[in-house]
Amino acid sequence: MTFSLPLTPQYTQLSGAGKTPSATTNNDNDFSALGYYAVFATIAFTLVVFLFEAYLDFRQRSSYYKTEFPSELSKTVGNIDAEREKELKEQSKEVDDDGKKKEEENDGDKAAGDGKTKQDDINKNKES
């Protein structure tokens, strides 16, 4: 029983078997473009990835040396801060309006009871 791989190597050393080594076989039947260019394609892909990463590293390194804050980014951050400040002012205004309404309600209760609130009346009844 012999086990063999479906791929055939491009170079074999046959000197141990008494044959001369051959770099490639010239049979047109055995030619496979994928097998022939696989090593070249792998090296080319690795080189392209390396060059792309080197380019990204170069851009990153040059951005580290910049000391000025980008003007577009500062405008955007300024707009966000202004919107947030406006929202906070509106929220605080709503809270102030709610607080004034509660005070007015309490003042109305005092006027009805001659300066006493309903809670004062309840506390007075509990003490008696």
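Each chain carries its own residue numbering, running from 1 in the written order of its sequence. The predicted nature of this model means local features are confined to residues of pLDDT at least 70 and side-chain atom pairs, given and counted, to a pLDDT of 80 or more, with totals for whole chains, interfaces and linings taken over all residues. With hydrogens and water excluded, all non-hydrogen atoms of the structure serve as input to the side-chain values.

Asks: Just give me the short version of the overall build of the chain, but keep the residues and values in it.
Replies: Numbering of helices and strands runs from the N terminus; a helix is a DSSP stretch of H or I covering at least four residues, while a strand is a stretch of E covering at least two. Across its full length, the chain carries three helices and zero strands. Overall, the chain shows an N-to-C arrangement of helices and strands of α-α-α. For accessible areas, the Shrake-Rupley method is used with a probe of radius 1.4 Å. Any residue's cover is judged against the shown protein chains and nothing else. About 12700 Å² of surface is accessible on the chain, with carbon and sulfur atoms providing 56% of the total.

Asks: Before we move on, could you go through the pattern of salt bridges and cite the residues and values that matter?
Replies: Any carboxyl oxygen of Asp or Glu within 4 Å of a side-chain nitrogen of Lys or Arg constitutes a salt bridge here. Tallying each qualifying case throughout the model produces two salt bridges. Linking R84 and E87 is a salt bridge whose minimum nitrogen-to-oxygen distance equals 3.7 Å. Here R84 pairs with E87, and both are found in helix α2 (residues 71–112), just three residues apart, close to one helical turn. With a relative accessible area of 45%, R84 lands in the partly exposed category. Accessible area is worked out with a 1.4 Å probe on protein chains only. A residue is then buried under 20% of its type maximum, exposed over 50%, and partly exposed in between.

Asks: I'd like to hear about a nonpolar patch on the surface, residue by residue, with values.
Replies: Distance thresholds for patches are 9 Å for like charges and 5 Å for nonpolar side chains (Val, Leu, Ile, Met, Phe, Trp, Tyr), applied to residues having over 30% relative accessible area and no salt bridge. On the surface, L47, F50 and L51 cluster together into a nonpolar patch covering about 330 Å² of accessible area. Within the secondary structure, F50 sits in helix α1 (residues 33–64). Taking relative accessible area as the criterion, F50 reaches 53% and is therefore assigned exposed.

None of the figures reported here should be taken as evidence of function without further support.
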